[in-house]
Amino acid sequence: MTTNTRATFGSKIGVILATVGCAVGLGNIWRFPYMVGSNGGAAFLLIYVICILLLGLPVMITEFFIGRRSRRNAAGAFKVMAPGTKWSFIGYNGVLAAFLILGFYSVVAGWTLEYIMQAFSGSLSGKTAADFAVEFETFSSGIIRPIGWTIAFIALTHLIIISGVKSGIERASKVMMPVLFFILVALCIRSVTLPDATEGLKFLFHPDFEKITSSVVLSAMGQAFFSLSIGMGCLITYASYFGKETNLQTTALQVTLLDTLVAILAGIMIFPAVFSFHIAPTAGPELVFITLPNVFEQLPLGWLWSFIFFVLLALAALTSTISLHEVATAYVHEEYHMSRKKAAWFVSIGVLVLAVISSLSFGILKEYTIFGLTFFDALDYLTAKIMLPLGGMFICIYVGTRVDRKILKEELTNKSTIPFHFFNTYAFFMKYISPIAIGIIFLNELGIIKWIKGLL
Ligand code: PFF
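Residues numbered from 1 in each chain as written. Predicted model: local features only at pLDDT ≥ 70, side-chain atom pairs only at ≥ 80, totals over all residues. Heavy atoms only, no water.

**Q** How should the nonpolar core be read in this particular structure?
**A** When a protein is soluble and globular, its nonpolar side chains tend to lie buried together. The biggest cluster of nonpolar side chains holds 153 residues, and the ones touching the most others in it are Met-269 and Phe-309. Examining the composition of this core, we find that 17 residues originate from one element, helix H5 (residues 89-121), more than from any other. When near neighbours in sequence (up to four residues on either side) are disregarded, Phe-309 contacts Ile-29, Ile-183, Leu-184, Leu-187, Met-269, Leu-292 and Phe-296. (Core = buried A, V, L, I, M, F, W, Y, C linked by side-chain atoms within 4.5 Å. Buried < 20%, exposed > 50% of the residue type's maximum accessible area, 1.4 Å probe, protein only. Helix = DSSP H or I, 4+ residues; strand = E, 2+ residues; numbered from the N terminus. Contact = heavy atoms within 4.5 Å.)

If you want it as structure tokens, here you go:
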């Protein structure tokens, strides 16, 4: 422990696991495979990895810099670092994004609870791939069960937030994360040994460059930001709890690598099975929920595997919902001078309203769309593809143009006690490459670049 007055994470491994806990969640195991599936497979993966390295890593290091330097929450950090300026809108964008993400994320988190119950009661056994698809459709388009589980998940997050069992979570992540990793590896092995598994591996790793379109690139960038939890200040808040000896560069690298590894393992676990059981890779949000039960069916004691897997998935989701809830609660608590408890209630009730509408958008509200997207898809699109990348872009622009390089280097090298061999490369990427690339991807997707070309 450091002797700092502000709370810090207890140990080096605690820092990494808590941050990995925030990054690794449904984004890796649920969202990544269905994004790969609906965006052309390996071509998407390739662009995703490029986005992680060129955009994700520099933005993560930059968020760590802001968090530890200011020792404040997402919105407060900019008030300390750039008082009296408009830069704090980056923090507000993050708080709003956290709130909106919770509005659809809790629905999927609720689904994991339903599957835990089903695994435990044995009702996942003895079914065909077609049965699983029909059952998911019936369940998710219903009213009472999906909403009930969503409420249960929000209540669980709420309880943890108000009782502040941070140390419990830090301790739990130490066991949970390695076990989740072990189960993923075991399921990958089962999946790649299924008949026709190579088709799935080819889909995941053999890129067809013709599939790369502006929308695929935007989706890959959005997934990179979503999965790494960047662009919205969540990591600013976490880094504000880092000790002064924490190596920000290696922590960012380790979190990025682990997060990407988990996503790729999830891909290896899902796609061979998708092809083996003749499920459409473009199935969308239900992909993981209709594919995995088939894999468990092929294992001895399948119900036990599925039970453990969904418990871990729910816990991985919980470490992420806690971090999202914390961003919004801390903001309401500090800015509106409300007690922490009241602030948490305020956030939970707001999230509940969004989550109920999101859940119903799989059933009775399916026909009500916003720009052709259901409410659930619209929240996902707005946050992952617009708010997080824009947040990331402005974080880079702020640090690149307003922060003295000496201060940046001092913080990132812990006052010159550790080297940063690639500092100039990092600074160049952060100041020019990352914001310009994000800007181009946006303009391209909006069709503005095509329009300009037409003028020339
Ligand atoms: N990165 C989390 C996941 O992959 O599930 C989701 C998330 C958590 C996004 C926290 C953003 C965030 F601030």
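**Q** Please clarify how the state of the cysteines should be interpreted in this entry.
**A** Here a disulfide denotes one covalent bond, and it connects the sulfur atoms of two cysteines. All told, the structure shown has zero disulfides when counted by the stated rule. In this structure Cys-51 is a free cysteine whose sulfur lies 13 Å from that of Cys-396, the closest cysteine sulfur available. (Disulfide = S-S within 2.5 Å.)

**Q** I would appreciate a short explanation of the site of the ligand in the present structure.
**A** The environment of the ligand is made up of 15 residues, and the closest members are Gly-27, Tyr-105, Phe-226, Ser-229 and Met-232. The contact in question runs from a nitrogen atom of the ligand to an N or O atom on the backbone of Phe-226, over 2.8 Å. In the complex, 100% of the free accessible area of the ligand, which totals 340 Å², lies under the protein chains. Looking at the shell around the ligand, the elements that each hand over two or more residues are helix H1 (12-23), helix H2 (26-38), helix H10 (214-228) and helix H14 (302-335). Its residues assigned to classes, the shell around the ligand comprises eight nonpolar, seven polar and no charged. (Near = heavy atom within 4 Å. Polar contact = N/O pair within 3.5 Å; in protein donor to acceptor, adjacent residues only side chain to side chain. Areas by Shrake-Rupley, 256 points an atom, 1.4 Å probe, with all protein chains shown as cover. Nonpolar A, V, L, I, M, F, W, Y, C, P; charged D, E, K, R; others polar.)

**Q** Looking at this structure, I do not really get the confidence of the model for the protein chain. What am I missing?
**A** Keep in mind that low pLDDT regions are not for reading the predicted coordinates in detail. Mean pLDDT over the protein chain: 90, with 95% of residues reaching 70 or higher. Taken as a whole, residues 1-5 scores under 50 in pLDDT and shows eight contacts with residues more than four places along the chain or in a different chain. (pLDDT = per-residue confidence, 0-100.)

**Q** Would you take a moment to explain the pattern of salt bridges for this structure?
**A** Under the defined criterion, the tally for this structure stands at eight salt bridges. Measuring nitrogen to oxygen at the nearest pair gives 3.8 Å for the salt bridge that ties Asp-208 to Lys-211. Residue Lys-211 is classed as partly exposed on the basis of its relative accessible area, which comes to 38%. Within this structure, Arg-68, Arg-69, Glu-410 and Glu-411 form a network of salt bridges that share partners. (Salt bridge = Lys/Arg side-chain N within 4 Å of Asp/Glu carboxyl O.)

**Q** Just to check I follow, could you spell out the side chain of Ser-361 for this structure?
**A** Counting through the fold element by element, Ser-361 comes out in the loop between helix H15 (340-360) and helix H16 (375-402). In terms of polar contacts, Ser-361 uses its side chain to reach the backbone carbonyl oxygen of Ser-358, at 2.6 Å. Every residue in contact with Ser-361, bar those within four places of it in the chain, is listed here: Lys-366, Thr-374, Phe-375 and Phe-376.

**Q** In this structure, what is going on with the environment of Val-179? I would like to understand it.
**A** For Val-179, the position within the fold is in helix H8 (residues 166-192). For Val-179, a relative accessible area of 33% gives the class partly exposed. It is 14 Å that separates the C-alpha atoms of Val-179 and Leu-304, two residues lying 125 residues apart in sequence.

**Q** Looking at this structure, how should I read the environment of Phe-153?
**A** Relative to the elements of secondary structure, Phe-153 occurs in helix H7 (residues 144-163). The exposure class assigned to Phe-153 is buried, which follows from its relative accessible area of 1%. Setting aside residues up to four positions removed in sequence, Phe-153 forms contacts with Ser-106, Ala-109, Gly-110, Thr-112, Leu-113, Ala-314, Ala-317, Leu-318 and Thr-321.

**Q** Mind showing me how you'd approach the packing of aromatic side chains here?
**A** The geometry of an aromatic ring pair is captured by two quantities: the separation of the ring centres and the angle between the planes. Using the criterion set out here, one finds 33 aromatic pairs in the structure. Here Tyr-105 and Phe-226 contribute two aromatic rings whose centre-to-centre distance is 6.1 Å and whose plane-to-plane angle is 45 degrees, an arrangement assigned as tilted. In this pair, Tyr-105 sits in helix H5 while Phe-226 sits in helix H10, placing the two residues 121 residues apart along the sequence. By relative accessible area, which is 3% here, Tyr-105 ends up buried. One Lys or Arg, Arg-31, reaches over the ring of Phe-226 and ends 5.0 Å from the middle of that ring. (Phe/Tyr/Trp six-rings, centres within 6.5 Å; stacked < 30°, edge-to-face > 60°. Lys NZ or Arg CZ within 6 Å of the ring centre and 35° of its normal.)

**Q** So what exactly am I meant to see when it comes to the packing of H16 against helix H18 (residues 423-445) here?
**A** In a pair of packed helices, the angle between the axes and the distance between the axes together describe the arrangement. Where H16 meets H18, the axes come as close as 9 Å, and the angle between the chain directions of the two elements is 150 degrees. Here H16 is positioned roughly antiparallel relative to H18, judged by the angle of their axes. Regarding H16 and H18, the two cross each other, and that crossing is left-handed. For the pair H16 and H18, the contacting residues are Tyr-381, Lys-385, Ile-386, Pro-389, Leu-390, Gly-392, Met-393, Cys-396, Ile-397, Val-399 and Gly-400 in the first and Met-430, Lys-431, Ser-434, Pro-435, Ile-438, Gly-439, Phe-442 and Glu-445 in the second. The class makeup of the residues in the contact of H16 with H18 is twelve nonpolar, four polar and three charged. (Axes fitted to C-alpha atoms, helices over the stretch in contact; angles between N-to-C directions. Parallel < 35°, antiparallel > 145°, perpendicular 65-115°, else oblique. Left-handed = near helix turned anticlockwise from the far one by under 90°.)

**Q** Looking at this model, I keep getting lost on the side chain of Gln-223. Mind explaining?
**A** With respect to the element layout, Gln-223 can be found in helix H10. Once residues lying within four places of it in the same chain are set aside, the contact partners of Gln-223 are Gly-27, Arg-31, Phe-32, Met-35, Phe-44 and Tyr-48.

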